[in-house]
Amino acid sequence: MMKIGIPKEIKDNENRVGMTPAGVAELVRHGHEVYVQHTAGLNSGFADEAYSKVGATILPTIEDVYATADMIIKVKEPIEPEYALIRNDQLVFTYFHFASERPLTEAMIRSGAVCLAYETVETRDGRLPLLIPMSEVAGRMAALNGAYYLQKTKGGKGKLVSGVPGVKRTKVLVLGGGTVGEAAARMAAGMGADVVITDVSLPRLRQLEMELPVNVRTLYSTSHNICEELPDVDIVIGSVLVPGDKAPHLITRDMLKLMEKGTVLVDVAIDQGGCFETSRPTTHSEPTYVVDDIVHYAVANIPGAVPNTSTLALTNATLHYALELADKGWRQACKDDPGLFLGLNVVNGKVTYKAVADVWNLPYEPLML
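Residues numbered from 1 in each chain as written. Predicted model: local features only at pLDDT ≥ 70, side-chain atom pairs only at ≥ 80, totals over all residues. Heavy atoms only, no water.

A word on the packing of helix H6 (residues 132-149) against helix H7 (residues 179-190). The N-to-C vectors of H6 and H7 enclose an angle of 40°; their axes lie 7 Å apart at closest approach. Considering only the axes of H6 and H7, their crossing is right-handed. Every residue of H7 that contacts H6 at Ile-132, Ser-135, Glu-136, Gly-139, Arg-140, Ala-143 and Leu-144 is listed here: Thr-179, Val-180, Ala-183, Ala-184, Met-187 and Ala-188. Of the residues assigned to the contact of H6 with H7, the class counts are eight nonpolar, three polar and two charged. (Axes fitted to C-alpha atoms, helices over the stretch in contact; angles between N-to-C directions. Helix = DSSP H or I, 4+ residues; strand = E, 2+ residues; numbered from the N terminus. Left-handed = near helix turned anticlockwise from the far one by under 90°. Contact = heavy atoms within 4.5 Å. Nonpolar A, V, L, I, M, F, W, Y, C, P; charged D, E, K, R; others polar.)

Quick look at the structure:
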């Protein structure tokens with residue numbers, strides 16, 4: 001039996017919760033005790049009563065949850081008020097994105113906790129199963145938000161994405177042909193934009209060429225090719241990912257000069273440091289800022305704006321792993337599943353994921369189970 005805690009998210013406007021009542025019901029059915037913070041699920045549409053009805057215990061404060069639980073299941077990385085609540089040997093199962101934030105990395109090293117990051121768990125074929133559902137949401141939302149901030153009243157060019165009969169459609173450039181990029185391209189194309197999607201993998205470009213709508217064209221990703229697209233682009237969506245590592249800067253500050261005033265940049269890679277040189281994390285409260293007349297949208301928790309959909313999708317993906325961790329303990333579960341093992345980023349004060357160690361020039365200590 002394991003004691004599992006689900007705290008309320010405290011990051012700005014993060015309305016998701018780590019587990020739905022349906023997920024909690026499965027954990028309880030497996031014989032585990034689940035402790036949910038009061039109102040943790042409320043903003044996702046799940047009242048305390050829905051959790052208590054399936055066997056969870058409702059605790060009044062976040063401190064109570066962290067103090068009680070052997071394993072914490074949440075959505076976003078812990079932020080500073082939570083650092084001191086995390087203790088030695090406690091398993092924390094969440095998105096961490098260590099490569100974008102050194103203070104978080106150092107705090108988790110000091111805590112002695114076992115930090116198992118959603119974003120580096122892999123399947124046998126190298127896919128990222130715990131990133132995919134949120135990437136699908138973030139990609140769709142990136143296209144919607146890009147269209148929204150293209151309005152003149154929001155700082156954009158004053159264009160309607162779809163155009164109207166007799167008026168030219170907008171042009172959307174999507175950098176990266178992974179799950180986020182494909183979702184963004186589909187949404188933008190569905191709204192009627194002319195879309196260009198780039199990638200460095202020719203097999204992936206061939207796949208996208210066959211599967212995406214006819215108003216999407218593919219382009220091999222080079223700095224030259226990207227620059228050629230910028231003078232008449234209306235929205236740029238950055239969606240590149242290097243698992244566990246910082247995102248490369250595909251748009252430099254100098255390249256902003258190639259774009260028209262009011263062009264909108266949406267940086268979905270901001271969790272991993274951002275793929276635009278001028279990106280810095282923003283929040284749902286203050287989502288945009290302007291650099292050299294270019295609107296930047298770089299909210300680090302885009303799916304938090306649609307928490308009901310996001311929480312349901314996330315639980316669908318994480319529940320299997322949560323049950324394995326709870327039923328077997330993290331050591332045995334990670335020994336049995338090499339893909340889950342790859343989620344171990346920081347363990348008992350040691351950095352066990354090489355990309356994180358390299359980014360911050362910290363000692364890398366491979367974990368032996």
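Right, let's talk about the sheet that holds strand E11 (residues 264-267) for a bit. Spatial ordering of the open sheet is given by E9-E8-E7-E10-E11-E13-E12, a layout of seven strands whose pairing is mixed. Because the sheet does not close on itself, it has two edges, and the strands there are strand E9 (216-220) and strand E12 (288-291). On average, each strand axis in the sheet is inclined to that of its neighbour by 20°, with strand direction left out of account. Looking at chain direction, strand E10 (residues 235-238) and E11 are connected through four bridges and run parallel. Along E11, the bridge assignment pairs Ile-235 with Val-264. In the packing of helix H8 (residues 202-211) onto the sheet, contacts are made with strand E8 (194-199) and E9, and the angle to E9 comes to roughly 170°. (Pairing = 2+ DSSP bridges.)

As for its placement among the helices and strands, Trp-330 is situated in helix H11 (residues 330-336). The spatial distance from the C-alpha of Trp-330 to the C-alpha of Pro-60 is 27 Å, given a sequence separation of 270 residues. Beyond its immediate chain neighbours, meaning those up to four positions away, Trp-330 contacts Leu-91, Val-114, Leu-325, Leu-344, Val-347, Leu-367 and Leu-369.

Applying the stated criterion across every chain yields a total of 23 salt bridges. The partner of Glu-9 in a salt bridge is Lys-74, and the shortest N-O contact between them spans 3.1 Å. Residue Glu-9 is found in the loop between strand E1 (3-6) and helix H1 (21-29), and its partner Lys-74 is found in the loop between strand E4 (71-73) and helix H4 (80-83); the two are separated by 65 residues along the sequence. Side by side, Glu-9 and Lys-74 carry an identical accessibility label, which is buried. One salt bridge in this structure joins Arg-29 and Glu-26, with 2.9 Å as the shortest N-O distance. In this pair, Arg-29 and Glu-26 both sit in helix H1, three residues apart, roughly one turn of the helix. Where salt bridges share partners, they join Lys-11, Lys-76, Glu-77 and Asp-271 into one cluster. (Salt bridge = Lys/Arg side-chain N within 4 Å of Asp/Glu carboxyl O. Buried < 20%, exposed > 50% of the residue type's maximum accessible area, 1.4 Å probe, protein only.)

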